[in-house]
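A look at the structure
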Amino acid sequence: MQLRLDQLAAHLQKGLRPIYTLWGDEPLLAQEAGDLIRAAARAAGHTEREVHTVTGAHFNWSGLVGAAQAMSLFADKQLIEVRIPSGKPGKEGSEALQRYCERLSDDVVTVFHLPRLDRQQQASAWFAALDGAGVSIRIDPIERKALPQWIAQRLAAQGQRVQDGEAGQRTLAFFADRVEGNLLAAHQEIQKLALLYPAGALAFEQVEQAVLNVARYDVFKLGEAVLAGQVGRALRMLDGLQAEGEAAVLVHWTLAEDIRAIKRAKDALAAGRPLPVALRDARVWGVKERLFERALPLVTDNALAQLLHAAQVCDGLVKGLEHPDWPAQPWDALKRLVLMTVQWTAAAPGASRGHAAGQRLALGG
């Protein structure tokens, strides 16, 4: 049975299931979900806890299965936690997990901790067994657009809030920009505000003085920001990636791959393929499907030819070559490639047309 994360607390009040599977790549939310389950298990008498970490092919799966069956004469009920950092238990592990789900005891609650799983892993027999025997909860990161509301909810839980109206929205946007991609740090900064200031409204200056710039940027999220036409966010992320020591070659590859994917998708559309098929042929999945759907009509054939040429020039620059018409520094070249791409995607619905015009001026258009 699948549950949303926000349904977990209400579910636990109704009783415990024998198996909980937490999977995803957001450490803070996974930790908090685990804390909720552990607290509910302790309240139900599961006071003996074991933790097993699957570190490789030599993990003792039979020992795990046996641990769930071997109750101490003096022990209360058990809570067993199994961490599989790779998300790949292997053939032996897959079979053991399926056997595990067939031999459940009312005296044992088991929590499985897994990373983000791809479609093949979600369709595997072992994951289906875990999901069928208990509850599975997908734990996704908080996206940038949802981050201000998440911060506001966390502040409200500790009796604080931002000012009403535009001033409060500005404060939340500032906060979100400083902690984007680093939810653990966001949580710590929110707790810091509770220590520094009393309950009630927080002024922008109070938040500004307290909140550090602890954002962590994801190179793939940069591509999403560019496709969405979010020029300010894209440039901020590019600066953040440079400051964090990310390889310029990897950043270029991500940007160039999106440009090549636009070319593949447009070629497929020109050949008469339906849009979903064209996106699949271009290897566009997930969040980027929606971004490509609105960006494809905006990118003309002439613009695409310019972007492909620019990506080729930038490829040489990040690898140490020079070009008379481009900046010599790799990160300056990447910034120009970002601006050129945003020039054609910033007019997408929901993006800023003012940004688009501004970047055309910056490019001499």
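In this report, we go over the structure that sits alongside the text. As the structure is a computational prediction, the values presented were derived from the model and not from experiment.

1. A word on the layout of surface pockets
Taking a probe equal in size to a water molecule and rolling it over the atoms shows the remaining empty space. Empty space within the largest pocket amounts to approximately 1500 Å³. Around the largest pocket, the lining comprises 46 residues; the ones closest to its centre are Arg116, Asp218, Phe220, Lys221 and Glu224. Broken down by element, the lining of the largest pocket gets its largest block of residues, 6 residues, from helix 13 (residues 248–270). Of the residues that constitute the lining of the largest pocket, the class distribution is 20 nonpolar, 6 polar and 20 charged.

2. Examining the nonpolar core
Ranked by internal contacts, the top residues of the largest apolar core, which has 46 residues, are Leu222, Val251, Leu255, Trp326 and Leu334. Counting residues per element, this core draws most heavily on helix 16 (residues 301–318), at 9 residues. Not counting the four nearest positions on each side in its chain, Leu255 is found in contact with Leu222, Val226, Leu334, Leu337 and Val338. Val109, Ile137, Phe174 and Ala176 belong to the second-largest nonpolar core, a separate cluster that totals 37 residues.

3. Quick notes on the pattern of salt bridges
In this structure the tally under the stated criterion is 22 salt bridges. What you see here is one network of salt bridges that share partners, running through Asp35, Arg38, Arg49, Glu81 and Arg83.

Conventions and cut-offs
- Residues numbered from 1 in each chain as written.
- Predicted model: local features only at pLDDT ≥ 70, side-chain atom pairs only at ≥ 80, totals over all residues.
- Heavy atoms only, no water.
- 1 Å grid on protein atoms, 1.4 Å probe; cavity = no way out; pocket = protein on both sides within 12 Å on 5 of 7 lines; lining within 4 Å.
- Points joined across faces, edges and corners; volume = space filled by probe spheres on them.
- Helix = DSSP H or I, 4+ residues; strand = E, 2+ residues; numbered from the N terminus.
- Nonpolar A, V, L, I, M, F, W, Y, C, P; charged D, E, K, R; others polar.
- Core = buried A, V, L, I, M, F, W, Y, C linked by side-chain atoms within 4.5 Å.
- Buried < 20%, exposed > 50% of the residue type's maximum accessible area, 1.4 Å probe, protein only.
- Contact = heavy atoms within 4.5 Å.
- Salt bridge = Lys/Arg side-chain N within 4 Å of Asp/Glu carboxyl O.

Nothing here speaks to function; it is geometry throughout.
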